[in-house]
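In case you want the letters, here they are:
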Amino acid sequence: MSVALRRAWAKDLDVPTLYALLKLRVEVFVVEQARPYPELDGRDLLTETRHFWLADPEGEVICTLRLMEEYPGGHKAFRLGRLCTKRNARGEGHTTRLLRAALAEVGDYPCRIDAQVYLADMYSQHGFVRDGDDFLDDGVPHVPMLRSAGPPPPQAVAPPASSADGSAGPPSPQAVVPPASSADGPGAPA
């Protein structure tokens, strides 16, 4: 099955796509994990927010993540969040593929994630390290993690993304990005 990798700035998302991304997140984080919480946090449509997702040949979203620019202390950094994969699509490397695409865009900037504790080892394979004490977020154990500025460790290196026209650089809005050859990673929600 061919799975298309897509990426769009918040402002470029059409309503059906945004709905599909939010629907998957609610299915995983609210319904499957039985955690009623305010999934719509106001950050999905911020100017500096990018969305990445994988869609099957019928266009169904099977994996998604949100990447936000932040400027702590006036310095550019990124924050990953809302990474999840549809239950029946887990174990096929989709999470790793999506995460590598986002981290290729992050480049050498620092990147943070508040990871569910059981996924900390998976994120460490992508250069993230613990950056604080565990905490509960809506009753779910999380750990703050950081991927420091500078090149990631060798196992975390992703090939550079290319735009739809084949030029180097970040993919254009809703561009299809070819799959990276990668080892299969956990496809569980994050």
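Residues numbered from 1 in each chain as written. Predicted model: local features only at pLDDT ≥ 70, side-chain atom pairs only at ≥ 80, totals over all residues. Heavy atoms only, no water.

> Describe helix H1 (residues 15–32), listing the residues and the values that go with them.
Compared with an ideal rise of 1.5 Å per residue, which puts 18 residues at 26 Å, H1 spans 24 Å between its outermost C-alpha atoms and is within 8% of the ideal. Its maximal kink placed at valine 26, H1 deviates by approximately 30°. Residues of H1 that are buried: Thr17, Leu18, Leu21, Leu22, Leu24, Arg25, Val28, Phe29 and Val30. Against the buried residues of H1 lie strand E2 (49–55), strand E3 (61–70), strand E4 (77–85) and strand E5 (111–116). Once H1 ends, the next one or two residues include alanine 34, with phi positive near 50°. (Helix = DSSP H or I, 4+ residues; strand = E, 2+ residues; numbered from the N terminus. Expected span 1.5 Å × (residues − 1). Bend = angle between axes of the 7 residues up to and from the residue. Buried < 20%, exposed > 50% of the residue type's maximum accessible area, 1.4 Å probe, protein only. Contact = heavy atoms within 4.5 Å.)

> Break down the environment of lysine 23 for me, with residues and values.
Within the secondary structure layout, lysine 23 lies in helix H1. Judged by relative accessible area, which is 41%, lysine 23 ranks as partly exposed. In this structure, the C-alpha to C-alpha distance between lysine 23 and valine 61, residues 38 residues apart in sequence, is 9.1 Å. At 2.7 Å, the side chain of lysine 23 forms a polar contact with the side chain of glutamate 27. (Polar contact = N/O pair within 3.5 Å; in protein donor to acceptor, adjacent residues only side chain to side chain.)

> Describe the pairing of strand E8 (residues 140–147), naming the residues involved and giving the relevant values.
Walk down a regular strand and you will see the side chains alternate between the two sheet faces. With seven of eight residues buried, E8 is to be regarded as a mostly interior element. Here E5 runs beside E8; their pairing, made up of six bridges, is antiparallel. Its bridge partner being in E8, glutamine 116 is matched across the sheet by histidine 142. Pairing analysis gives two bridges linking strand E6 (residues 129–130) to E8, with the strands arranged antiparallel. Following the sheet pairing, valine 129 is matched in E8 by leucine 146. (Pairing = 2+ DSSP bridges.)

> Which residues make up the nonpolar core, and what values do they have?
Counting residues in each nonpolar core, the largest one holds 28 residues, and the members touching the most others are Leu80 and Tyr123. Elements represented by at least two residues in this core include exactly E2, E3, E4, helix H2 (94–106), E5, helix H3 (120–124) and E8. For this core, the leading source of residues is H2, giving six residues. Apart from residues lying up to four places away in sequence, leucine 80 is in contact with Leu65, Arg66, Leu67, Leu99, Ala102, Leu103, Cys111, Arg112, Ile113 and Phe128. Residues Leu13, Tyr37, Ala55 and Cys84 belong to the second largest nonpolar core, which totals 14 residues. (Core = buried A, V, L, I, M, F, W, Y, C linked by side-chain atoms within 4.5 Å.)

> Talk me through the pattern of salt bridges; I want residue IDs and the actual numbers.
Any two side chains of opposite charge can pair if their charged atoms end up close together. Counted by the stated rule, this structure contains 18 salt bridges. Note that glutamate 32 and arginine 90 form a salt bridge whose closest N and O atoms lie 2.8 Å from each other. Of this pair, glutamate 32 sits in helix H1 while arginine 90 sits in the loop between E4 and H2, and the two are 58 residues apart along the sequence. The class of arginine 90 is partly exposed, set by a relative accessible area of 22%. Note that glutamate 70 and arginine 43 form a salt bridge whose closest N and O atoms lie 3.3 Å from each other. One end of the pair, glutamate 70, is in strand E3; the other, arginine 43, is in the loop between H1 and E2, and 27 residues separate them in sequence. We classify glutamate 70 as buried; its relative accessible area is 19%. (Salt bridge = Lys/Arg side-chain N within 4 Å of Asp/Glu carboxyl O.)

> Tell me about the side chain of glutamate 105, and name the residues and values.
Tracing the sequence through the fold places glutamate 105 in helix H2. For glutamate 105, the side chain forms a polar contact with the side chain of arginine 50, separated by 2.4 Å.

> How would you explain the packing of aromatic side chains if you had to name every residue and give the values?
Counted according to the given criterion, the structure contains two aromatic pairs. Judged by centre distance (6.0 Å) and plane angle (80°), the ring pair of tyrosine 123 and phenylalanine 128 falls under edge-to-face. Residue classification places tyrosine 123 among the buried positions, given a relative accessible area of 0%. (Phe/Tyr/Trp six-rings, centres within 6.5 Å; stacked < 30°, edge-to-face > 60°.)

> Requested: an account of the confidence of the model for the protein chain, with residues and values cited.
Scored by pLDDT, the protein chain comes out at a mean of 80, with 78% of its residues at no less than 70. For the protein chain, per-element mean pLDDT is lowest for strand E7 (residues 135–137), which scores 90, and highest for E6, which scores 96. Within the model, pLDDT remains below 50 along residues 156–190, and this stretch shows 89 contacts once partners closer than five positions in the same chain are excluded. (pLDDT = per-residue confidence, 0-100.)

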